Amino acid sequence: AQSVTQLDSHVSVSEGTPVLLRCNYSSSYSPSLFWYVQHPNKGLQLLLKYTSAATLVKGINGFEAEFKKSETSFHLTKPSAHMSDAAEYFCVVSDVRTYKYIFGTGTRLKVLA
Amino acid sequence: EPEVTQTPSHQVTQMGQEVILRCVPISNHLYFYWYRQILGQKVEFLVSFYNNEISEKSEIFDDQFSVERPDGSNFTLKIRSTKLEDSAMYFCASSEPFRDEQYFGPGTRLTVT
């Protein structure tokens, strides 16, 4: 069975400092992995996706993620946090057979002024 | 840019009542999904739908739930007899055939009193 584990439920950073949100995956197959962001009272917005083309994936708003098979990780990073980045972030794996999404438990990012 | 829409944005209902949540997927998409997010918990898969039938359903999707595509544009989730524990945010998503990237609607917050 496929799964993702988000290692931190809450992360706090100061504005202008780097962001690291950690995600580990489990999959018997080459996975399709995604990061989604959910701002308060908003829907889920796709930040980026990995589908085996390149291990370093660039997304919107300056976010990127690196797929590391040896570490079964897909961590999300951003060089410099902005106040508007404060939100809940979900790591997601897509079931290879049915395409349904399996969500991680989410990481709430707080950005301090 | 095309987007998934959902109505209503917020629905309040009494326990035991029937509710219908509506979604309009992106027009050329053929795979449709419902997910739910109970407050403070992770997003959970409910059901996927393709070619006018259910492709997969989770354990949550019991006999009180049903889905329908009544016309060429709408995709609905019906809960026949709501329970307090059905209170959650319900997200609709759609995707192109054989593509694993899903596009989410803004969600319907269902409150059962």
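Higher on the page you've got the structure.
Conventions used here
Residues numbered from 1 in each chain as written. Chains lettered and ligands numbered in written order. Predicted model: local features only at pLDDT ≥ 70, side-chain atom pairs only at ≥ 80, totals over all residues. Heavy atoms only, no water. Pairing = 2+ DSSP bridges. Helix = DSSP H or I, 4+ residues; strand = E, 2+ residues; numbered from the N terminus. Axes fitted to C-alpha atoms, helices over the stretch in contact; angles between N-to-C directions. Phe/Tyr/Trp six-rings, centres within 6.5 Å; stacked < 30°, edge-to-face > 60°. Buried < 20%, exposed > 50% of the residue type's maximum accessible area, 1.4 Å probe, protein only. Contact = heavy atoms within 4.5 Å. Buried area = accessible area lost by both parts, 1.4 Å probe. Salt bridge = Lys/Arg side-chain N within 4 Å of Asp/Glu carboxyl O. Polar contact = N/O pair within 3.5 Å; in protein donor to acceptor, adjacent residues only side chain to side chain.

*Asks:* How should I be thinking about the sheet that holds strand S3 (residues 19-24) of chain B in this particular structure?
*Replies:* Backbone-to-backbone hydrogen bonds join strands into a sheet, with any given pair of strands oriented parallel or antiparallel. All names here are of chain B. Across the sheet, which stays open at both edges, the 4 strands sit in the order S1-S3-S8-S7 with antiparallel pairing between neighbours. One side of each edge strand has no neighbouring strand; the edge strands of this open sheet are strand S1 (5-7) and strand S7 (65-68). The average angle at which neighbouring strand axes cross in this sheet is 20 degrees, direction not considered. When S7 meets strand S8 (residues 75-79), the two strands line up antiparallel, connected through 4 bridges.

*Asks:* Looking at this model, I keep getting lost on the packing of aromatic side chains. Mind explaining?
*Replies:* Aromatic ring pairs: the centre-centre distance and the angle between the two ring planes describe each pair. The final tally for this structure, using the stated rule, is 24 aromatic pairs over all chains. Residues Tyr35 of chain B and Phe45 of chain B carry aromatic rings whose centres are separated by 5.8 Å and whose planes lie at 70 degrees to one another, so their mutual orientation is edge-to-face. Remark: Phe45 of chain B occurs in strand S5 (residues 43-50) and Tyr35 of chain B occurs in strand S4 (residues 31-37); sequence separation between them is 10 residues. One exposure class covers both Tyr35 of chain B and Phe45 of chain B, and it is buried. Each member of the aromatic cluster is reached from another via a ring pair, and the members are Phe34, Tyr36, Phe90, Tyr101 and Phe103 of chain A together with Tyr33, Tyr35, Phe45, Phe91 and Phe104 of chain B.

*Asks:* What exactly am I supposed to notice about the pairing of S4 of chain B here?
*Replies:* Remark: a regular strand shows side chains that alternate across the two faces of the sheet. Residues and elements named next belong to chain B. Taking burial as the measure, the 7 residues of S4 include 7 buried ones, the bulk of the element. Side chains Tyr31, Tyr33, Tyr35 and Gln37 of S4 all project onto a buried face; the interleaved residues Phe32, Trp34 and Arg36 project onto the opposite face, where all are buried too. Taken together, S4 and the strand that follows it, S5, pair antiparallel across an intervening segment of 5 residues, in which Gly40 is found at a positive phi of about 85 degrees. Here S4 pairs with strand S9 (residues 88-95) via 7 bridges, running antiparallel. Pairing of Phe32 across the sheet is with Ser94, part of S9.

*Asks:* What am I meant to see in the interface of chain A and chain B here?
*Replies:* Every contact between the two is made by 19 residues of chain A and, on the other side, 16 residues of chain B. Of the roughly 1,700 Å² buried at the junction of chain A and chain B (both faces included), carbon and sulfur atoms supply 55%. Contact with chain B buries surface across chain A, with Tyr99, Tyr101 and Phe103 of chain A losing the most and accounting together for 34% of the total. Our count for the contact surface shared by chain A and chain B stands at 2 salt bridges. Linking chain A with chain B are 10 residue pairs in polar contact (both at pLDDT 80 or more). Elements with a minimum of two residues in the side of chain A that touches chain B: strand S5 (32-38), strand S6 (44-50), strand S10 (87-94) and strand S11 (101-103) of chain A. Considering each element in turn, the side of chain A that touches chain B owes the most residues, 4 residues, to S5 of chain A.

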